[in-house]
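# Working through the structure, step by step
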Amino acid sequence: EMNSFTNNNIEKIYITGEKKLTGSVNISGAKNAALPLMALSLIINRDFNLYNVPDLADTRLMFDLLFDLGIKINWKKGNLNFDGKPKKDEASYDLVRQMRASILVLGPLLASKGSAKVPLPGGCAIGSRPIDLHVMVMEALGANVTFDGGFIISSLSNEGLKGGVINFPKVSVGATESAIMTAVLAKGQTKILNAAREPEVTDLANCLNKAGADIKGVGTEVLIINGVKELNQVSHSVVSDRIEAGSFAIASSITMGNIEINNINPKNLTEFINILKLTGTKVEMFNNSMNVSCSQRPKPHNVGTDPYPGFPTDLQAQYMALMAIADGKTLIKETIFENRFMHVPELMRMGAKISINKQEAEIYGVKKLKGAKVMASDLRASMCLILGALAASGTSEIDGLYHLDRGYENLEDKLTNLGAIIKRSNEL
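Below, the structure is looked at part by part. What you see is a predicted model, and the numbers here were worked out from it, not measured in a lab.

## Digging into the overall build of the chain
What the chain contains, in helices and strands, is 14 helices and 23 strands. Taken over C-alpha atoms, the radius of gyration comes to 22 Å for the chain, in line with the 22 Å a tight globule of 428 residues would show. C-alpha atoms of the chain, sized along the principal axes, occupy 65 × 45 × 40 Å. Counting only residues that meet the buried cut, the chain has 57% of its 428 residues in that class. The long-range share in the chain, meaning contacts at least 24 apart out of those at least 6 apart in sequence, stands at 73%. For the chain, the exposed area adds up to about 16,700 Å²; of that, 48% sits on carbon and sulfur atoms. Averaging the locations of the 46 positively and 44 negatively charged side chains of the chain gives two centres separated by 3 Å.

## Looking at the sheet that holds strand β23 (residues 421-425)
Strand pairing in a sheet is mediated by backbone hydrogen bonds. Such pairs are either parallel or antiparallel. If you walk across this open sheet you meet the four strands as β21-β22-β1-β23, and the pairing is mixed. In this open sheet, the two edge strands, each paired with only one partner strand, are β21 (373-375) and β23. Each strand axis lies, on average, 20 degrees off the axis of its neighbour in the sheet, ignoring direction. As paired strands, strand β1 (residues 12-16) and strand β22 (residues 395-399) are joined by four bridges and run antiparallel to one another. Considered in β22, the bridge of Tyr14 is made with Glu397.

## What to know about the packing of aromatic side chains
How two aromatic rings sit relative to each other is set out by the distance from centre to centre and by the angle between their planes. Considering all chains together, one arrives at five aromatic pairs under this definition. A ring pair is formed by Phe48 and Phe82, whose centres lie 5.3 Å apart and whose planes are at 25 degrees; its orientation type is stacked. A residue pair is termed long-range when its members are at least 10 positions apart, and Phe48 in strand β3 (residues 48-51) and Phe82 in strand β5 (residues 79-83) qualify at 34 residues. Judged by relative accessible area, which is 0%, Phe48 ranks as buried. Overall, the relative accessible area of 1% leaves Phe82 in the buried class. Summarising the aromatic geometry, the rings of Phe272 and Phe311 are spaced 6.0 Å apart at their centres and angled 50 degrees between planes, so their arrangement reads as tilted. Here Phe272, found in helix α9 (residues 270-278), pairs with Phe311, found in the loop between β17 (303-304) and α10 (316-323); they are 39 residues apart in sequence, far enough to count as distant. Taking relative accessible area as the criterion, Phe311 reaches 1% and is therefore assigned buried.

## Topic: helix α8 (residues 242-254)
Over its 13 residues, α8 extends 18 Å from the first C-alpha to the last, a length consistent with the 18 Å expected when each residue adds 1.5 Å. The buried fraction of α8 amounts to 13 of the 13 residues, a majority that puts the element mostly inside the structure. Where α8 starts, the residue carrying a side-chain oxygen 2.9 Å from the main-chain nitrogen of Ile243 turns out to be Asp241. Phi turns positive one or two residues past the end of α8, at Met256, with a value near 55 degrees.

## Concerning the nonpolar core
Counting 74 residues, the largest nonpolar core has Leu40 and Leu208 as the members making the most contacts within it. Those residues within four positions of Leu40 in sequence are excluded, and the remaining contacts are Phe48, Met181, Leu204, Cys207 and Leu208.

## Digging into the environment of Lys162
Here Lys162 lies in the loop between β8 (151-156) and β9 (165-167). Apart from the residues within four sequence positions on either side, Lys162 is in contact with Ala140, Leu141, Gly142, Ala186 and Lys187.

Analysis parameters
- Residues numbered from 1 in each chain as written.
- Predicted model: local features only at pLDDT ≥ 70, side-chain atom pairs only at ≥ 80, totals over all residues.
- Heavy atoms only, no water.
- Helix = DSSP H or I, 4+ residues; strand = E, 2+ residues; numbered from the N terminus.
- Rg over C-alpha atoms; globule rule 2.2 N^0.38 Å.
- Buried < 20%, exposed > 50% of the residue type's maximum accessible area, 1.4 Å probe, protein only.
- Contact = heavy atoms within 4.5 Å.
- Areas by Shrake-Rupley, 256 points an atom, 1.4 Å probe, with all protein chains shown as cover.
- Lys, Arg positive; Asp, Glu negative; His and termini not counted.
- Charge placed at Lys NZ, Arg CZ, Asp CG, Glu CD.
- Pairing = 2+ DSSP bridges.
- Axes fitted to C-alpha atoms, helices over the stretch in contact; angles between N-to-C directions.
- Phe/Tyr/Trp six-rings, centres within 6.5 Å; stacked < 30°, edge-to-face > 60°.
- Expected span 1.5 Å × (residues − 1).
- Polar contact = N/O pair within 3.5 Å; in protein donor to acceptor, adjacent residues only side chain to side chain.
- Core = buried A, V, L, I, M, F, W, Y, C linked by side-chain atoms within 4.5 Å.

Written as structure tokens, this is what we have:
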């Protein structure tokens, strides 16, 4: 059922730009919701079904990680069925080192087995992304945590997991998810303060509540969780990927196209859509779709990234591609990750004029980008370069596709269907 990924080391994407993109596109399930939801199989032990799961390098890694821990999994075209309890308490180093989100198995594994040994994760090149907040969660809920030989080793006393107060010093999506997954089976009440409010976090809490958890305040920054004895069988559909939706919206703007974006909840993109409109793009919103069209060169509009419901850091690179051809100067401030302007030198190879000062980028819009050979450094940077290439004159060659396959399902097919001239190949 799963198409095997070909050797991405030698493959490149070739894009010939200046085509208006028109038509409709179906958005996949969100990678950042699917990963923690899949980890729930460690604590929902009977017949757990997930639908709308995107087929990506990251979801496959999570599949392998859970399978290696002893969970039985059946994967059929976006539908996953999980069964059984984890058989061991140690996560595979070879799998964890490939993906930072692997840290999400720590809490559920601890809750299920009473002990967990998880290697320090690898993955993205975006800054340090410390795991200290995940450790703080485990300790607040009664675990003893030590570090040894590159492993995070956590264990519980005879009393098991106990409710506690977790007051996050900063908003963290991953750590909030860790806290929710670990607290649902703890004895007593847990209070989570300064919780992340992202739709992916809300999706996780909603799925758990359907399975019999008691989580109050879903979608707000204060979560109250009353521990339950066990979780029941549940079926749940993964929330749609708002970052993929935003990326296609920018693809429409940057090529002066007209795209209908389906299978989404536009309310999850409110701040982004407001800003896109201010750059001169027309957006019509419906219940589970939106129509994005543009007939003019974008107007500049300054943005700063912020935790949800602010402007998403995961759309910052894509927005920069649009501002690279804006009629004027734009300031983009990145407040979430310290190393998130790695796409800038590559965009400049396409003729963009950008200067960086610490966490702020100044973009001086040019009339047109020109095709070039560029290299993707991380997942969202790869999309930024694809967007630049779609609007550029001539042909671009984009390397570093491993990152793209981590987060965008069937991207070439989706773009081809909208009229893009794009092909993946190891030779032109």
